[in-house]
Amino acid sequence: MHVAALIRAEPTGARVHTLQDIYYAEQQIEKSLPKMIEKATDPDLRAGFEEHLEQTREHIARLEQVFEIHGEAVKGVDCPAINGILEEADDVSGDVDDQQVLDAALIASAQAVEHYEMTRYGKLIAWAKELGHEDSASILAETLEEERATDQKLTEMAESGVNRQAA
């Protein structure tokens, strides 16, 4: 089946559920980032996490806009995927004594979170465009670009020295 046909066939409930899913995920990320900031020893990594915490708060506000545009109640639904990713990040960072290895582990965990978010936002943008909701697509696209930029910064940080120091 063609992708556009799949998108049209997707029930409204699934679209709303995905929006609620990423809303919940962003809220959980907002709660987790302060722990990651506290654990990070590399000053650039810490600053990056602090910046992303502020962005995450903006992402939550944008999602609330999208809910309002569509006349939906603003709420999240439990997301086992993000819960698992964040739990793993917490477990991994709790098991590392070497500070340089810890920073590398935090980057890897943060990238797992970013990749999850990028898939959710990409799906929501595709649905919004297919349904002619350019206003929602534009709001969501702004967040997707920030998620991609964060992922790229994390990659650059890892490749420019954090991974080498951890090795």
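Structure: above.
Residues numbered from 1 in each chain as written. Predicted model: local features only at pLDDT ≥ 70, side-chain atom pairs only at ≥ 80, totals over all residues. Heavy atoms only, no water.

## Remarks on the overall build of the protein
Spelled out, the test is: A run of DSSP states H or I qualifies as a helix once it reaches four residues; a run of E qualifies as a strand once it reaches two. Both are numbered from the N-terminal end. Any two residues whose heavy atoms approach within 4.5 Å are treated as being in contact. We get accessible surface area from the Shrake-Rupley algorithm with a probe of 1.4 Å; when it comes to residues, only the shown protein chains can shield them.
Counting secondary structure elements, the protein contains 6 helices and 0 strands. Starting at the N terminus, the α and β elements of the protein follow one another as α-α-α-α-α-α. In the protein, of all internal contacts separated by at least 6 residues, the share reaching a separation of at least 24 is 81%. Accessible area of the protein: about 8500 Å², with a carbon and sulfur share of 51%.

## A closer look at the nonpolar core
Selection criterion: We call a set of buried Ala, Val, Leu, Ile, Met, Phe, Trp, Tyr and Cys residues a nonpolar core when their side-chain atoms join them within 4.5 Å. For the exposure calls, accessible area comes from a 1.4 Å probe over protein chains only, and a residue counts as buried if that area is under 20% of its type's maximum, exposed if over 50%, partly exposed in between.
Formed by 40 residues in total, the largest nonpolar core has its most connected members in L45, F49, L63, I82, L106 and L140. Residue assignment for this core shows that the elements contributing at least two residues are α2 (12-39), α3 (43-69), α4 (80-94), α5 (99-130) and α6 (134-166). Looking at this core, the element that brings in the most residues is α5, giving 12 residues. Setting aside residues up to four positions removed in sequence, F49 forms contacts with L33, M36, I37, A40, L106, A110 and L154.

## Here we look at the side chain of D103
Here is the rule we go by: In this count, Lys and Arg are taken as positive residues and Asp and Glu as negative ones, while His and the chain termini are left out. A pairing counts as a salt bridge when a side-chain nitrogen of Lys or Arg comes within 4 Å of a carboxyl oxygen of Asp or Glu. Nitrogen and oxygen atoms within 3.5 Å of one another constitute a polar contact, given that in protein one can donate a hydrogen and the other can accept it, and given that sequence-neighbouring residues count only through two side-chain atoms.
Within the element layout of this structure, D103 appears in helix α5. Put simply, D103 is tucked away with no salt bridge, and the nearest opposite charge, on R46, sits 7.4 Å away. At a separation of 2.5 Å, a polar atom in the side chain of D103 contacts the side chain of T41.

## Observations concerning the packing of α4 against α5
The condition that has to hold: Lines fitted to the C-alpha atoms define the axes, with helices restricted to the stretch that makes contact. Angles between their N-to-C directions range from 0 to 180 degrees. Note on terminology: angles under 35 degrees are roughly parallel, angles over 145 are roughly antiparallel, angles of 65 to 115 are roughly perpendicular, and the others are oblique. Here the nonpolar group is Ala, Val, Leu, Ile, Met, Phe, Trp, Tyr, Cys and Pro; Asp, Glu, Lys and Arg are the charged ones; every other residue, Gly included, is treated as polar.
Two numbers describe how α4 lies on α5: the axes approach to 9 Å, and their chain directions differ by 175°. Of the possible angle classes, the one that applies to α4 and α5 is roughly antiparallel. Facing A81, I82, I85, L86, A89, V92 and S93 of α4, the residues of α5 in contact are L102, A105, L106, S109, A112, V113 and Y116. Looking at side-chain class alone, the contact of α4 with α5 contains 12 nonpolar, 2 polar and no charged residues.

## Some remarks on the packing of aromatic side chains
Note the threshold: Pairing of aromatic side chains requires ring centres within 6.5 Å, counting the rings of Phe and Tyr and the six-membered ring of Trp. Pairs whose planes differ by under 30 degrees are stacked, by over 60 edge-to-face, and all others tilted.
Applying the stated criterion across every chain yields a total of 1 aromatic pair. Taken together, a centroid distance of 5.5 Å and an interplanar angle of 85° make the contact between Y23 and F67 edge-to-face. Here F67 lies in helix α3 and Y23 lies in helix α2, a separation of 44 residues in the sequence.

## Some remarks on the pattern of salt bridges
Following the criterion strictly, the structure yields 9 salt bridges and no others. For D21, the salt bridge is made with R120, and the minimal N-O distance between the two is 3.2 Å. In this pair, D21 is assigned in helix α2 and R120 in helix α5, connecting sequence segments 99 residues apart. With a shortest N-O distance of 3.1 Å, E30 and R57 are connected by a salt bridge. Placement of the pair is E30 in helix α2 and R57 in helix α3, with a sequence separation of 27 residues.

## Some thoughts on the environment of I85
You can see I85 is positioned in helix α4. With 31 residues separating them in the primary sequence, I85 and Y116 have C-alpha atoms 8.8 Å apart. Leave out the neighbours within four places in its chain, and I85 touches A112, V113 and Y116.

## Considerations on the packing of α3 against α5
Each packed pair of helices is defined by two parameters, the angle between the axes and the distance between the axes. Stated formally: A crossing counts as left-handed when the near helix is turned anticlockwise from the far one by less than a right angle, and as right-handed when that turn is clockwise.
Where α3 contacts α5, the two axes come as close as 13 Å, and the packing angle between them is 20°. One finds that α3 runs roughly parallel with respect to α5. As for how α3 packs across α5, the hand of that crossing is left-handed. Two secondary-structure elements touch here, α3 through L45, F49, H52, H59 and L63 and α5 through D103, L106, I107, A110, E114, E117 and Y121.

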